[in-house]
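One letter stands for each residue in the lines below.
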There are 2 protein chains.
Amino acid sequence: MEISKAFGIVLRKPRKLAGLSQEELALQCDLDRTYIGLLERAQRQPSITTIFIISEVLKIKPHELIKEVEKLHGI
Amino acid sequence: MEISKAFGIVLRKPRKLAGLSQEELALQCDLDRTYIGLLERAQRQPSITTIFIISEVLKIKPHELIKEVEKLHGI
DNA sequence: ATGTAGACTCGCGTCGACG
DNA sequence: GCGTCGACGCGAGTCTACA
């Protein structure tokens, strides 16, 4: 699977788990609401800092998030 | 420490370990030689796909690379 | 609360060239 | 083999607005 698509899927899970809307997550990450949507629909590629910012808000270590992406992508 | 700076440092180690020059690494990654230099000097932020591509060439799992970045960055 | 669209700024990633 | 510079296309990330 494409990396961006894998990331979108991976992103959505812990967000829902944290009980956050895209809007609330975006607010806490200091990112745009529409951008979170774009990420989840795999229409944007996050940079490494964006990954770290989102991970921190979701209280997940970035490498755990990446590990999930690896699984879906099929390393 | 800044994330991009941490990544630059983390990147250099396994590259040297693999006995690759920036030039050779860039070639295998299908990236530009100057861009690898920019990354190591923390003047560019890699996207998630770039991280995956470089990791694959360096035969490191992306999440291992990220874990090193976390350490330097100080999660 | 989310998807989408347009328009915008700025940074990623490329390329050629020089030291 | 690497750092740096200028220039470039294109994509990251923002903002507004409508459904």
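Here, the structure is the one placed above.
Keep in mind the model is a prediction, meaning the values are calculated, not measured. (Residues numbered from 1 in each chain as written. Chains lettered and ligands numbered in written order. Predicted model: local features only at pLDDT ≥ 70, side-chain atom pairs only at ≥ 80, totals over all residues. Heavy atoms only, no water.)

Draft legend 1. Layout of the side chain of Ser4 of chain B. Checked against the element boundaries, Ser4 of chain B lands in helix H1 (residues 3–17). Sequence-distant contacts of Ser4 of chain B, defined by excluding residues within four places in its chain, comprise Leu39, Ala42, Arg44 and Gln45 of chain B. (Helix = DSSP H or I, 4+ residues; strand = E, 2+ residues; numbered from the N terminus. Contact = heavy atoms within 4.5 Å.)

Draft legend 2. Geometry of the pattern of salt bridges. For the coordinates displayed, the defined rule picks out six salt bridges over all chains. The closest approach of N and O atoms between Glu68 of chain A and Lys71 of chain A, which form a salt bridge, is 3.4 Å. Taken together, the residues Glu68 of chain A and Lys71 of chain A, both in helix H5 (residues 62–73) and three residues apart, mark about one turn of the helix. Residue classification places Glu68 of chain A among the partly exposed positions, given a relative accessible area of 29%. Judged by its relative accessible area of 58%, Lys71 of chain A is exposed. Residue Glu40 of chain B is joined to Arg15 of chain B by a salt bridge in which the shortest nitrogen-to-oxygen separation is 2.6 Å. With Glu40 of chain B in helix H3 (residues 33–40) and Arg15 of chain B in helix H1, the pair connects residues that are 25 residues apart, well separated along the chain. The class for Arg15 of chain B is buried, based on a relative accessible area of 5%. (Salt bridge = Lys/Arg side-chain N within 4 Å of Asp/Glu carboxyl O. Buried < 20%, exposed > 50% of the residue type's maximum accessible area, 1.4 Å probe, protein only.)

Honestly, it's all geometry; don't read function into it.
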